[in-house]
Amino acid sequence: MFKMCKVNPAYVVAFLTFLLFWFSSFEVTCGAREDKHRRESVVGGSRRQKATARQYTGSSTTATATATSTFNVLDYGAKGDGRTDDTKAFEATWAVACKVEASTVMVPSGSLDGKMIAPTSSHAWGSGILQWIEFTKLKGITIRGKGTIDGQGSVWWNHSPTTKPTALRFYGSDGVTVTGITIQNSPQTHLKFDDCTSVQVSNFVASSPGGSPNTDGIHLQNSRDVVISATSLACGHGISIGGLGKDNTKACVSNITVRDVTIQNTLTGVRIKTWQGGSGSVKQVTFSNVQVSEVETPIMIDQFYCDKGHCKNQSSAVEVSGINYVNIRGTYTVQPVHFACSDSLPCSGVSLSSIELKPVQESHHVDGPFCWEAYGDLKTTTQPPISCLETGKPSKAGTQSNSESC
């Protein structure tokens, strides 16, 4: 088992490779470091922690470094037997690889694809942990392989602690590629990108029980130039952009493409959510070729998001515009489309094409599409008809764009 806290770029560059190569046929290559910070581990930006408790299943192949820029964790004492805590071995490999730019840390493959298992005891985790594995301020990093990260989230779901950690988070990074891996049973979000640019996610799988709370498959915040493709999600929520604008903050999200994705047994499929009182914008977002199965609400924009009992009404809002839905098909259990947009800053440029969503059980009563202050165009007929979408652009006097602030 392995628990890792937020770390500085010099450490992160190497560590990501160690982490995922242990999944047998994993490969992670890191590019240039973006900057150098003091060497510390921080949780939530404030408190020091240290990495503890890591356990793997993997190969015991004899280790040799294949090049001066490639470092094998077995050379530094890792066992990979599923029982030994290999934290110290990974830290040692990490420290050496961090000194070499564009380095790769190798966990050798064998006949068995491995699994990284999260700790379940409160002693191993400590308190106030916001993410299990976090990588910050990297430039040019690739995670590639066939292994599994298992967050063992049922311990967290059942006991409902104040904070639940995200399984894998990237923050403030550019040129991030994640391909081939599986994350399952995360305590909260499975894969998260905050303040990142030029992100590529493909052949990714997220899996947890449908009733697991807030276990988004992929979560995006304040990021741009993102492509998510060939991905399968079966968890609490599918793909979520937001919540944006919390506590009157500015949010900037643009040029997001989601295509060739399957989503099943989730509360929502493709969702944009913003808090009242925020500023900034979400624009140029396309969801295409999305297959949903038994999803409560496949398509959602919610500009009144509130995860507390009560949130006060506020007039300012994150602007939502240029949102395209193309070829979204499958089944739903509650409502096919839900567009709840701001009274003061309505959604604009919402387009729908080739939407075919059917209730799982035709004989049962389900809600029809819902729209509030949502403007755009129906490019084709839809099933069911989404007649609630207002055509054209908002005409409200005083409506002002927030996009310039991004």
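Residues numbered from 1 in each chain as written. Predicted model: local features only at pLDDT ≥ 70, side-chain atom pairs only at ≥ 80, totals over all residues. Heavy atoms only, no water.

- The name that an unreviewed UniProt entry assigns to the chain is Polygalacturonase, with the source organism given as Hibiscus sabdariffa.
- Looking at the chain in UniProt, the text filed under Sequence similarities (unreviewed entry) is "Belongs to the glycosyl hydrolase 28 family."
- Database annotation for the chain, UniProt heading Subcellular location (unreviewed entry): "Secreted, Cell wall". (UniProt positions renumbered as here; feature names shortened; annotations may be inferred.)

What to know about the overall build of the chain
Consideration 1: Assigned secondary structure in the chain consists of four helices and 30 strands.
Consideration 2: Counting over 406 residues, the chain shows a buried share of 54%.
Consideration 3: For the chain, long-range pairs separated by at least 24 residues make up 80% of all intrachain contacts whose partners lie at least 6 apart in sequence. (Helix = DSSP H or I, 4+ residues; strand = E, 2+ residues; numbered from the N terminus. Buried < 20%, exposed > 50% of the residue type's maximum accessible area, 1.4 Å probe, protein only. Contact = heavy atoms within 4.5 Å.)

Considering the confidence of the model for the chain
Consideration 1: Summary statistics for the chain give a mean pLDDT of 80 and a share of 77% for residues scoring 70 or more.
Consideration 2: Here residues 1-29 scores under 50 on pLDDT; set against residues more than four positions off or in separate chains, the count is 180 contacts.
Consideration 3: Residue range residues 32-67 is modelled with pLDDT below 50. Its contacts to residues more than four positions away, or to other chains, number 118 contacts. (pLDDT = per-residue confidence, 0-100.)

Remarks on the nonpolar core
Consideration 1: With 66 residues, the main nonpolar core has Phe 170, Phe 193, Phe 287, Tyr 325 and Phe 339 as its most contacted residues.
Consideration 2: Residues in contact with Phe 339, not counting those within four places in the same chain, are Ile 299, Ile 301, Tyr 325, Val 350, Leu 352, Phe 370, Cys 371, Trp 372, Ala 374 and Leu 389.
Consideration 3: Membership of the second largest hydrophobic core comes to eight residues, among which are Val 73, Leu 74, Ala 97 and Val 105. (Core = buried A, V, L, I, M, F, W, Y, C linked by side-chain atoms within 4.5 Å.)

As for helix α2 (residues 87-97)
Consideration 1: For α2, every residue scored as buried is listed here: Thr 87, Ala 89, Phe 90, Thr 93, Trp 94 and Ala 97. All buried residues of α2 fall inside an arc of 165° around its axis, so they share one side. (Arc of directions from axis to C-beta.)

Description of the pattern of salt bridges
Consideration 1: Considering all chains together, one arrives at eight salt bridges under this definition.
Consideration 2: We note a salt bridge from Lys 88 to Glu 91, for which the minimum N-O separation is 3.9 Å. Of the two residues, Lys 88 and Glu 91 both sit in helix α2, three residues apart, roughly one turn of that helix.
Consideration 3: Residue classification places Lys 88 among the exposed positions, given a relative accessible area of 65%.
Consideration 4: A salt bridge links Lys 358 to Glu 356, with the nearest nitrogen and oxygen atoms 3.8 Å apart.
Consideration 5: On the accessibility criterion, Glu 356 (28% relative accessible area) is partly exposed. (Salt bridge = Lys/Arg side-chain N within 4 Å of Asp/Glu carboxyl O.)

Topic: the state of the cysteines
Consideration 1: With the rule as written, the count across this model stands at four disulfides.
Consideration 2: Bridging Cys 252 to Cys 406, the disulfide has an S-S length of 2.1 Å. One quick way to see it: the torsion about the S-S bond of Cys 252 and Cys 406 is about -90°, and its sign makes the bridge left-handed. Of this pair, Cys 252 sits in strand β21 (residues 250-264) while Cys 406 sits in the segment after β30 (390-391), placing them 154 residues apart in sequence.
Consideration 3: Residue Cys 252 is classed as partly exposed on the basis of its relative accessible area, which comes to 25%.
Consideration 4: Overall, Cys 406 belongs to the partly exposed group, its relative accessible area being 46%.
Consideration 5: There is a disulfide in this structure between Cys 371 and Cys 388, and the S-S distance comes to 2.0 Å. Between Cys 371 and Cys 388 the disulfide shows an S-S torsion of about 40°. By sign, it is right-handed. Of this pair, Cys 371 sits in strand β28 (residues 370-372) while Cys 388 is found in the loop between β29 (374-378) and β30, placing the two residues 17 residues apart along the sequence.
Consideration 6: Counting its disulfide-bonded cysteines in sequence order, the chain shows a connectivity of 1-8, 2-3, 4-5, 6-7. (Disulfide = S-S within 2.5 Å.)

Focus on the pairing of strand β13 (residues 174-179)
Consideration 1: As paired elements, strand β10 (residues 139-144) and β13 share five bridges and run parallel to each other. Within β13, the residue paired with Ile 143 across the bridge is Val 178.
Consideration 2: Bridging between β13 and strand β16 (residues 197-202) involves five bridges; their strand directions are parallel. If you follow Asp 174 over to β16, its bridge partner there is Thr 197. (Pairing = 2+ DSSP bridges.)

As for the side chain of His 219
Consideration 1: Mapped onto the elements of the fold, His 219 is located in strand β18 (residues 216-221).
Consideration 2: Setting aside residues up to four positions removed in sequence, His 219 forms contacts with Thr 189, Leu 191, Lys 192, Phe 193, Ser 240, Gly 242, Gly 243 and Lys 273.

Side note on the environment of Ser 208
Consideration 1: By the secondary structure assignment, Ser 208 is in the loop between β17 (205-207) and β18.
Consideration 2: Classification of Ser 208 as buried rests on a relative accessible area of 7%.
Consideration 3: Along the primary structure Ser 208 and Gly 236 are separated by 28 residues, whereas in three dimensions their C-alpha atoms are 7.1 Å apart.
Consideration 4: Among all residues touching Ser 208, those that are not within four sequence positions of it are Trp 157, Asn 185, His 190, Thr 215, Ala 234, Cys 235 and Gly 236.
Consideration 5: In terms of polar contacts, Ser 208 uses its side chain to reach the side chain of Thr 215, at 3.3 Å. (Polar contact = N/O pair within 3.5 Å; in protein donor to acceptor, adjacent residues only side chain to side chain.)

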